[in-house]
Amino acid sequence: MARWAEGFGIDPSWAEPWAAAAEEYRTTGRPVLDFDLDDFSDYARLNAIAYGLVGNREKTLRWLERVRESRQTPDAKVHPVFDFLHGDPEYVALLERMGLN
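Small disclaimer: the values here were computed from a predicted structure and weren't measured. (Residues numbered from 1 in each chain as written. Predicted model: local features only at pLDDT ≥ 70, side-chain atom pairs only at ≥ 80, totals over all residues. Heavy atoms only, no water.)

This part takes up the overall build of the protein chain. From N to C terminus, the protein chain includes five helices and zero strands. The order of helices and strands in the protein chain, counted from the N terminus, is α-α-α-α-α. By the burial criterion, 35% of the 101 residues in the protein chain qualify as buried. Sequence-distant contacts, at least 24 apart, represent 52% of the contacts inside the protein chain between residues at least 6 apart. A total of about 6,000 Å² of accessible surface is found on the protein chain, and carbon and sulfur atoms cover 50% of it. (Helix = DSSP H or I, 4+ residues; strand = E, 2+ residues; numbered from the N terminus. Buried < 20%, exposed > 50% of the residue type's maximum accessible area, 1.4 Å probe, protein only. Contact = heavy atoms within 4.5 Å. Areas by Shrake-Rupley, 256 points an atom, 1.4 Å probe, with all protein chains shown as cover.)

Right, dumping it as structure tokens:
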């Protein structure tokens with residue numbers, strides 16, 4: 001986990017809880033985020049990653065749109081937490097708007 005997180009510029013101490021949350025969501029189907037990341041809008045890319053980890057399609061796409069609007073690092077096409085969106089028409093359109101498709 002630490003190597004994966006560092007490879008994407010994420011502090012490993014931050015990534016571990018999200019990985020645990022994602023695993024909980026995958027095994028139980030129950031969301032485990034108990035707060036809304038809207039309060040952290042300066043971190044659109046990290047918020048998209050966080051929601052991607054728990055498989056929240058709607059919020060992941062919303063935050064990826066904010067990534068596009070703020071011109072943050074556009075790794076939306078290659079980051080593994082977004083794999084579950086591949087083939088989603090809204091995701092494909094977003095990648096096109098980002099110039100990544």
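Before going further, it helps to spend a moment on the confidence of the model for the protein chain. Within the protein chain, residue pLDDT values average 76, and 60% of them lie at 70 or more. The secondary-structure element of the protein chain with the lowest mean pLDDT is helix H1 (residues 2-7), recorded at 58, while helix H5 (residues 89-98) shows the highest, at 93. (pLDDT = per-residue confidence, 0-100.)

Now for the nonpolar core. In terms of nonpolar packing, the biggest core is built from 18 residues, with Leu-64, Phe-82, Leu-85, Tyr-91 and Met-98 touching the most fellow members. Of all the secondary-structure elements, those providing two or more residues to this core are helix H3 (44-53), helix H4 (57-70) and H5. Here this core takes five residues from H3, the largest share from any one element. Those residues in contact with Leu-64 that sit more than four places away from it in its chain are Ala-48, Ala-76, Phe-82, Leu-85, Tyr-91, Leu-94 and Met-98. (Core = buried A, V, L, I, M, F, W, Y, C linked by side-chain atoms within 4.5 Å.)

Here we take up the pattern of salt bridges. A full pass over the atoms with the stated rule returns four salt bridges. Across the salt bridge formed by Arg-57 and Asp-88, the nearest N and O atoms sit 2.5 Å from each other. Within this pair, whereas Arg-57 is found in helix H4, its partner Asp-88 is found in the loop between H4 and H5, the two being separated by 31 residues in sequence. Look at Arg-57 and you get partly exposed, because its relative accessible area is 35%. Here Glu-65 makes a salt bridge to Arg-68, at a shortest N to O gap of 2.5 Å. Placement of both Glu-65 and Arg-68 in helix H4 is noted, with a separation of three residues, approximately one turn of the helix. The network of salt bridges with shared partners includes Arg-57, Asp-88 and Glu-90. (Salt bridge = Lys/Arg side-chain N within 4 Å of Asp/Glu carboxyl O.)

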